[in-house]
Amino acid sequence: MKHIPYTHDDFFKDIFSAPEQAADLLRFSLPEDALENLDLERMEPYPESFTRSLGADGRADLLFHCPIKGTTEELLVAVLFEHKSYPDDEVLAQMARYWANLIIRDKTMPVLPVLFYHNPAKWNPPKFRDRFTTLPNALRDFQPEFPILFIDANRAEDQNIWENVELSAETKI
């Protein structure tokens, strides 16, 4: 059997580029009160040309917009997925650049940043403020916080994934 090179990023993008699978990932990961507010059935991907322009040093792995339930106006939440197959302490700065470009383009669109990590090495991405280690705490507190939804695929129990009724069979593969 010939080995075909297939990166973790390619695999992640192939699986979760479909809105149904991306919605499954959110159903599996977000708290119930957050899920109640998202209209995941109407989640749609942003065009690739848009995501390509989000950062000078790269682009978001996947970007969707998802309407908020119960709103009278067209309020959208940009769901920004980033995949890492290795510990990368610069990932929050990378995602913050994507986020900044999104809000510059559409000042009324909130962003839900999701970091999907898949590697046997245990890792917790550092808090954004922790990048400024030489600043006194009194000044570090003024630095922006950039909260993310962190999904560590290696810590998700296989049994929990298979028993989760919110996930489709395609997502569980």
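Along each chain, residues carry numbers from 1 onward, in the same order as the chain's sequence is written. Selection of residues for local features in this predicted model requires a pLDDT of at least 70, selection of side-chain atom pairs for listing and counting requires 80 or more, and totals for whole chains, interfaces and linings are taken over all residues. Excluded from the side-chain calculations are hydrogens and water; all other atoms, namely the structure's heavy atoms, are used.

What should I look at first to understand the overall build of the chain in this one?
Helix and strand content of the chain: eight helices and five strands. Reading the chain from its N terminus to its C terminus gives the helix and strand order α-α-α-β-α-β-β-α-β-α-β-α-α. For each residue, the accessible area found with a 1.4 Å probe, counting protein chains only, is set against the maximum for its type, and the residue is called buried under 20%, exposed over 50%, and partly exposed in between. Each of the 173 residues in the chain was classed as buried or not, and the buried ones make up 41%. For this analysis, residues touch if any pair of their heavy atoms sits within 4.5 Å. If you take every contact in the chain between residues at least 6 apart in sequence, the share linking residues at least 24 apart comes to 62%. Computed by Shrake-Rupley with a 1.4 Å probe, the accessible areas treat only the displayed protein chains as cover when residues are assessed. Approximately 10500 Å² of the chain is accessible, and the part contributed by carbon and sulfur atoms is 55%. Helical segments are the DSSP runs of H or I of at least four residues, strand segments are the runs of E of at least two, and each set is numbered from the N terminus.

Teacher, can you tell me more about the sheet that holds strand E5 (residues 149–152) here?
Sheets are built from strands paired through backbone hydrogen bonds, the pairs being either parallel or antiparallel. Note on pairing: DSSP must find at least two bridges between two strands before they are called paired. Ordered in space as E1-E2-E3-E4-E5, the five strands form an open sheet in which the pairing is mixed. Because the sheet does not close on itself, it has two edges, and the strands there are strand E1 (44–45) and E5. Examined bridge by bridge, strand E2 (residues 62–67) and strand E3 (residues 76–84) share six bridges and lie antiparallel to one another. Bridging across to E3, Pro67 finds its partner in Leu76. Contacting E2, E3 and strand E4 (111–117), helix H5 (residues 91–105) runs over the sheet at an angle of about 155° to E3. Angular values range over 0 to 180 degrees, each being the angle between N-to-C directions of two axes fitted as lines to C-alpha atoms, with helices fitted over their stretch in contact.

Is there a simple way to explain the pattern of salt bridges in this structure?
Pairing between side chains of opposite charge can happen when their charged atoms approach one another. For this analysis, a salt bridge means a side-chain nitrogen from Lys or Arg found within 4 Å of a carboxyl oxygen belonging to Asp or Glu. Inspection of every chain in the model, using the stated rule, returns seven salt bridges. Note that Asp39 and Arg42 form a salt bridge whose closest N and O atoms lie 2.9 Å from each other. With a relative accessible area of 18%, Asp39 lands in the buried category. In this structure, Lys84 and Glu82 form a salt bridge, with 4.0 Å as the shortest nitrogen-oxygen distance. The pair Lys84 / Glu82 is uniform in exposure class, with both members buried. Linked by salt bridges that have partners in common, Asp24, Arg27 and Glu41 make up one network.

Explanation requested: the side chain of Lys84 in the structure shown.
Along the chain, the position of Lys84 falls in strand E3. Among the residues examined, Lys84 registers a relative accessible area of 6% and is labelled buried. Definition of a polar contact: a pair of N or O atoms within 3.5 Å, with one able to donate and the other able to accept a hydrogen when the atoms are protein atoms, and with sequence-neighbouring residues admitted only if both atoms are side-chain atoms. Engagement of the side chain of Lys84 in a polar contact is seen with the side chain of Asp88, the distance being 3.1 Å. Setting aside anything within four residues of it in sequence, one finds Lys84 in contact with Val91, Gln94, Leu115, Phe116, Tyr117 and His118.

Help me out: how do you make sense of the confidence of the model for the chain in this one?
Note: predicted coordinates in regions of low pLDDT should not be interpreted at a detailed level. On average, the chain scores 79 in pLDDT, and the residues at 70 or more come to 76%. Between the elements of the chain, mean pLDDT differs from a low of 47, seen in helix H8 (residues 169–172), to a high of 93, seen in helix H3 (residues 32–35). What pLDDT reports is the predictor's confidence in each residue, on a scale of 0 through 100.

How should I be thinking about the environment of Asp141 in this particular structure?
In this structure, Asp141 sits in the loop between helix H6 (137–140) and E5. Judged by relative accessible area, which is 51%, Asp141 ranks as exposed. Counting along the chain gives 11 residues from Asp141 to Asp130, while the straight-line C-alpha distance between them is 10.0 Å.

Teacher, can you tell me more about the nonpolar core here?
One recurring pattern in soluble globular proteins is that nonpolar side chains are buried together. By nonpolar core we mean a set of buried residues, namely Ala, Val, Leu, Ile, Met, Phe, Trp, Tyr and Cys, connected to one another through side-chain atoms within 4.5 Å. If you look at the biggest cluster of nonpolar residues, it comprises 24 residues, and the most contacted ones within it are Leu26, Leu40, Met43, Val79, Phe81 and Val114. Elements supplying a minimum of two residues to this core: helix H1 (8–16), helix H2 (19–29), E2, E3, E4 and E5. Counting residues in each nonpolar core, the second largest holds 19 residues, with Ala78, Leu102, Val111 and Trp123 among its members.

Explain the side chain of Arg27 to me, please; I cannot follow it from the model alone.
In this structure, Arg27 sits in helix H2. Looking at Arg27, its side chain comes within polar contact range of the side chain of Asp24, at 3.0 Å.

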